[in-house]
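Residues per chain, in single letters:
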Amino acid sequence: MSVLIRNAAIVTPAGMVQGDIYTEANTIVRIGKCRERAEHVIDGTGKMAIPGLVNAHAHVAMTLFRGCGEDLPLDRWLNERIWPLEARQTQADVVAAANLAFCEMIRGGTTSFAEMCLFDTKEMFRAAAEAGMRGIISRSFLDFGDKRRAKSQLKEIPRTLEYGGGALRPSAGAHAPYTCSEEVLVKSKELARKKGLKYQIHVSETRTEIFEVMKARGKYPYEYLDSIGLMDADSVFAHGGWLTKREILLGGRRGVNVAYCPVSSLKLATGGITQVAELDAAGANVCLGTDGCASNNSLDMFQTMKMAALLQKHHYWRADALSCRKALDFATVNGARALGFDSGALEEGKLADIVLLERGPNMHPEHDPVANVVYAAGPQNVSDVIIDGRPVMLDRELLTLDEERIFDEAERRAAGFRR
């Protein structure tokens, strides 16, 4: 398949370029003046082309729980609402939730995602493939120190790493250091390393978690996970709202991927603001995530980009703490690196994940186009989306998903949870 985008304003790593983008198969072949013919020709006049956004930490199966745990702190939110609801989910519920999430993601310019869930991932892989998404998907294990449960889960992990293909890859994962035994943490990471896969885990999300890990392990979470071999460039550590200076430097030395979820953390009142400006300076690969719809209520990466930048400015009392270009990089090329894909930038040779934005009233004037993307743009500006060289939305029409059917199914299944 080939795609030609004509006469767009293109956000490249080197700056803005006015011209064309030609893709063949799943790769960007040429940027500039393109004379090639293509199966799909898109008029980019008046539009801006940006790399597809990367949601580096999501729980797409929670989409049916949007609004189910309002105004609760994290521990009550998990124990009283989310885990009981997840225990009742069927595979059909998961598919309905995932389809709804993929509609929202595509309309919001998100082309890649990292998923963690507590159940078999086979059907989610199928749904993501039909939607045309790119991503990594992991089953997140937790045993609460129960040896029988740990033994059972360790038998299941290898099977979950056999799914996927093409733009979708399996990933290993454990829920968190305070919900998992050391055996589950170490052996799941060993399997990921053996198969060359990414590893996902929640770390240092709340102050309570820090105390629990310190009491049980005698170390801060980053230090503990490093001591058992979990901290490296193939691990994605979500959250990190409560890190010491020593942990920040350790994360930088190890090149760990830190998925910052500012909106979710604010809504759950976890208290800590992830010091991503310091993590980035130390050498960690900072990326951005929405977390799930049960805690964030949306999968809007534009909102996440803006909030990430604003919170760093607020936290450090410095307007230059995080630039808009850096925030865009966190949401694109850094996210792609965390997930293990050669995408996230509009450059020749990169994977063809491209989003076109209509430059509506919120995008004018254009004193700084990148600032407009980070601080002013939103899903309402997204008109066309290409993932892995394949158009999945053209002129705001979804090509891979039946929205009306998906909305009806989501409402029907959500009503069952309400009952």
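The following refers to the structure shown. These numbers come from a predicted model, not from an experiment. (Residues numbered from 1 in each chain as written. Predicted model: local features only at pLDDT ≥ 70, side-chain atom pairs only at ≥ 80, totals over all residues. Heavy atoms only, no water.)

Applying the stated rule across the entire model yields 4 aromatic pairs. For the pair Tyr 222 and Phe 237, a centre-to-centre distance of 5.3 Å together with 75° between the ring planes defines the contact as edge-to-face. One end of the pair, Tyr 222, is in helix α7 (residues 221–227); the other, Phe 237, is in strand β11 (residues 235–239), and 15 residues separate them in sequence. A relative accessible area of 0% places Tyr 222 in the buried class. By relative accessible area, Phe 237 is classed as buried at 0%. (Phe/Tyr/Trp six-rings, centres within 6.5 Å; stacked < 30°, edge-to-face > 60°. Helix = DSSP H or I, 4+ residues; strand = E, 2+ residues; numbered from the N terminus. Buried < 20%, exposed > 50% of the residue type's maximum accessible area, 1.4 Å probe, protein only.)

Moving on to the pattern of salt bridges. Applying the stated rule across the entire model yields 33 salt bridges. For the salt bridge of Asp 232 with Arg 193, the shortest nitrogen-to-oxygen distance reads 3.0 Å. Separated by 39 residues along the polypeptide, Asp 232 in the loop between α7 and β11 and Arg 193 in helix α5 (residues 182–195) bring together distant segments of the chain. For Asp 232, a relative accessible area of 18% corresponds to the buried category. Accessibility expressed as a relative area gives 46% for Arg 193, which makes it partly exposed. The partner of Asp 234 in a salt bridge is Lys 198, with the nearest N and O atoms 3.0 Å apart. Note that Asp 234 is positioned in the loop between α7 and β11 and Lys 198 in the loop between α5 and β10 (199–203), a separation of 36 residues in sequence. (Salt bridge = Lys/Arg side-chain N within 4 Å of Asp/Glu carboxyl O.)

Moving on, we get to the nonpolar core. Grouped together as the largest cluster of nonpolar side chains are 109 residues, with contacts concentrated most on Phe 102, Leu 185 and Leu 357. Sorting elements by how many residues they give to this core places helix α2 (residues 91–107) first, with 10 residues. For Leu 185, the residues in contact, after removing those within four places along its chain, are Ala 174, Ala 176, Pro 177, Cys 180, Tyr 199, Ile 201, Tyr 224, Leu 225, Ile 228 and Leu 230. In terms of nonpolar packing, the next biggest core, distinct from the first, is built from 14 residues, Ile 5, Ile 28, Leu 346 and Leu 356 among them. (Core = buried A, V, L, I, M, F, W, Y, C linked by side-chain atoms within 4.5 Å. Contact = heavy atoms within 4.5 Å.)

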